[in-house]
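# Inside the fold
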Amino acid sequence: MSATALIQHWNPEDAAFWRGQGRAVARRNLWLSIPALALSFAVWMVWSVVVVNLPAAGFRYSTNQLFWLAALPALCGATLRIFYSFAVPVFGGRRWTALSTASLLLPALGIGFAVQDPATPYEVMVLLALLCGLGGGNFASSMSNISFFFPKAEKGTALGLNAGLGNLGVSMVQVVVPLVVAAGVFGTVGGAPAPTDKGPLWLQNAGFVWVPFIVASSLAAWLGMNDLADARASFGEQAVIFTRRHNWLMCWLYIGTFGSFIGYSAGFPLLIQSQFPGVNALQVAWLGPLVGALSRPLGGWLSDRVGGARVTFWTFAVMALGVLAVLMTLPGAGRAGSFAGFLSAFLLLFAASGVGNGSTFRMIPVIFLTLHQRAAGPHVAAQDQAVRDANKEAAAVLGFSSAVGAYGGFFIPKSYGTSIALTGSAEAALICFIAFYVSCLAITWWFYSRRHAPMPC
């Protein structure tokens, strides 16, 4: 265990404290948090790859059933984030990170055993898809925890690194799983392969491959991270965020950024497969989440320098144009379709969503610090209390908005499935996405980015 698992006093806004001991402790917690979060995203999104391989392994599910399995982890993960948002101040960041990471063993092992038998009931697959939502829930507590460790001037970069490198778990799962299911990585211990037209398929490795890393990361978090006494708060103390208008506004905007990233990631392989049947979806689908994950730290860094609201505004403008470009590349209505154009437009969407993820999460701490400092007045003691209250509320909003935003991971794949089922094309869903981005653009401009905005950030 770290020398002092529980730190009694933490004030990163004190420059002397930050230089003397704060920065080193904060960075250690950040670098232990990142791999745990990457594993969480990998387990959360593993169904986006597994569903593409289920027919080859002998499972006879309809296209709509496959879209359900791809979407359910996001639905469960988003719901769990509501509760995980408030967990760190109640249980402590070190304890919660270690235990929540260890909980990923349930879906990882469950998938490994269930996919070995094509007679496994669909209801069991649904349950395992829901259990993968445990990985999605972890994001809320992870971001909340890291936000406590860093000063306002570095929150955007720190949160961007935690989320951005953690988001790499999405592209990692779409690269690693196709490789490990094609080989008997665990020998006879891992079970026999399923015979397919393209050779043996060890689909169970999609779950088993994460098990040793989950164990190692859980132990590292327990032994190396810290709990902060100053971050302790009951649910009742944190529940004040539900009365804050800016909490709900930022939830809406985060649906547009993170909801887009996770929704596009979950639905991308199946969308490619349905719209461009001649393309091997798994050879290219990982590129989108990779671009989105790598651009998120850029969004946080850029927002620390020019302002989160300004970056967010232009992000939504690019995303609306990006969806329009996707529409122009789809086959149908006399168009042959262009996969190169489709992929390029989606990579632009992923990049913009990643930048927007970083910029919106940089906006939240600034908004709530400004809100409390305005109310505190000039007294030093009142300002110190304002900083503590702002940090607790901002951490809760970071977690809660991530919960609301994560529902995009459910609605985007389901929108594709519904649109295709009703009209034969994904165009109706994409038109709705454009309208949503326009609403996000208007909210950002009116409340945060215009010259006399009520809360410039």
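Residues numbered from 1 in each chain as written. Predicted model: local features only at pLDDT ≥ 70, side-chain atom pairs only at ≥ 80, totals over all residues. Heavy atoms only, no water.

The helix and strand inventory of the chain stands at 20 helices and 4 strands. The C-alpha atoms of the chain give a radius of gyration of 22 Å, which matches the 23 Å a tight globule of 457 residues would have. The principal-axis extents of the C-alpha atoms in the chain amount to approximately 75 × 50 × 35 Å. Counting across all 457 residues of the chain, residues that qualify as buried make up 59%. In the chain, 83% of the contacts between residues at least 6 apart in sequence involve partners at least 24 apart. Split by element, the accessible area of the chain, about 17,100 Å² in all, is 69% carbon and sulfur. Within the chain, one finds 25 positive and 14 negative side-chain charges whose respective centroids are separated by 7 Å. (Helix = DSSP H or I, 4+ residues; strand = E, 2+ residues; numbered from the N terminus. Rg over C-alpha atoms; globule rule 2.2 N^0.38 Å. Buried < 20%, exposed > 50% of the residue type's maximum accessible area, 1.4 Å probe, protein only. Contact = heavy atoms within 4.5 Å. Areas by Shrake-Rupley, 256 points an atom, 1.4 Å probe, with all protein chains shown as cover. Lys, Arg positive; Asp, Glu negative; His and termini not counted. Charge placed at Lys NZ, Arg CZ, Asp CG, Glu CD.)

With that settled, the discussion passes to the packing of helix α1 (residues 15-45) against helix α13 (residues 245-275). Where α1 contacts α13, the two axes come as close as 10 Å, and the packing angle between them is 50°. Judged by the angle between their axes, α1 and α13 are oblique. Both α1 and α13 take part in a crossing whose hand is right-handed. In contact with Phe41, Trp44 and Met45 of α1, α13 contributes Phe258, Ile262, Ser265 and Ala266. Residue composition of the contact of α1 with α13, grouped by class: 6 nonpolar, 1 polar and no charged. (Axes fitted to C-alpha atoms, helices over the stretch in contact; angles between N-to-C directions. Parallel < 35°, antiparallel > 145°, perpendicular 65-115°, else oblique. Left-handed = near helix turned anticlockwise from the far one by under 90°. Nonpolar A, V, L, I, M, F, W, Y, C, P; charged D, E, K, R; others polar.)

So, about the side chain of Gln204. One can find Gln204 in the loop between β3 (199-201) and α10 (205-208). The buried category is assigned to Gln204, whose relative accessible area is 1%. Aside from chain neighbours lying at most four places away, what touches Gln204 is Gly112, Val115, Gln116, Gly190, Gly191 and Ala192.

Before going further, it helps to examine the nonpolar core. Membership of the largest hydrophobic core comes to 140 residues, with the highest contact counts inside it found for Trp47, Leu54, Tyr416 and Tyr448. For Leu54, the contacting residues outside a window of four places in its chain are Trp47, Phe59, Tyr61, Leu66, Leu69, Val115, Met125 and Leu203. (Core = buried A, V, L, I, M, F, W, Y, C linked by side-chain atoms within 4.5 Å.)

Turning next to a nonpolar patch on the surface. There is a patch of nonpolar side chains on the surface, built from Val215, Leu219, Trp222 and Leu223 and spanning about 360 Å² of accessible area. By secondary structure assignment, the location of Leu223 is in helix α11 (residues 211-224). (Patch = residues over 30% accessible without salt bridge, like charges linked within 9 Å, V, L, I, M, F, W, Y side chains within 5 Å. Salt bridge = Lys/Arg side-chain N within 4 Å of Asp/Glu carboxyl O.)

Let us now look at the packing of aromatic side chains. Enumeration according to the criterion identifies 43 aromatic pairs in this entry. The interplanar angle of 40° and the centroid separation of 6.2 Å between the aromatic rings of Phe258 and Phe261 together place this pair among those described as tilted. On the criterion of helical spacing, the pair formed by Phe258 and Phe261 is a turn pair, its members being 3 residues apart in helix α13. Note on accessibility: Phe258 and Phe261 belong to one class, buried. A ring pair is formed by Phe268 and Phe342, whose centres lie 6.1 Å apart and whose planes are at 25°; its orientation type is stacked. (Phe/Tyr/Trp six-rings, centres within 6.5 Å; stacked < 30°, edge-to-face > 60°.)

With that settled, the discussion passes to the environment of Pro178. With respect to the helices and strands, the residue Pro178 is situated in helix α9 (residues 152-180). The exposure class of Pro178 is partly exposed, given its relative accessible area of 22%. Placed 221 residues apart in sequence, Pro178 and Gly399 show a C-alpha to C-alpha distance of 32 Å. Not counting residues within four places of it along the chain, the set of residues in contact with Pro178 comprises Val49, Val173 and Leu282.

This brings us to the confidence of the model for the chain. Parts of the model with low pLDDT should not have their predicted coordinates read in detail. On average, the chain scores 89 in pLDDT, and the residues at 70 or more come to 98%. At the low end of the mean pLDDT range in the chain sits helix α12 (residues 235-238), at 78; at the high end sits α11, at 97. (pLDDT = per-residue confidence, 0-100.)

If you trace the backbone, Lys414 turns up in helix α19 (residues 408-423). No salt bridge forms around the buried Lys414; measuring N to O, its nearest opposite-charge neighbour Glu123 is 16 Å away. Every residue in contact with Lys414, bar those within four places of it in the chain, is listed here: Asn64, Trp68 and Ala71.

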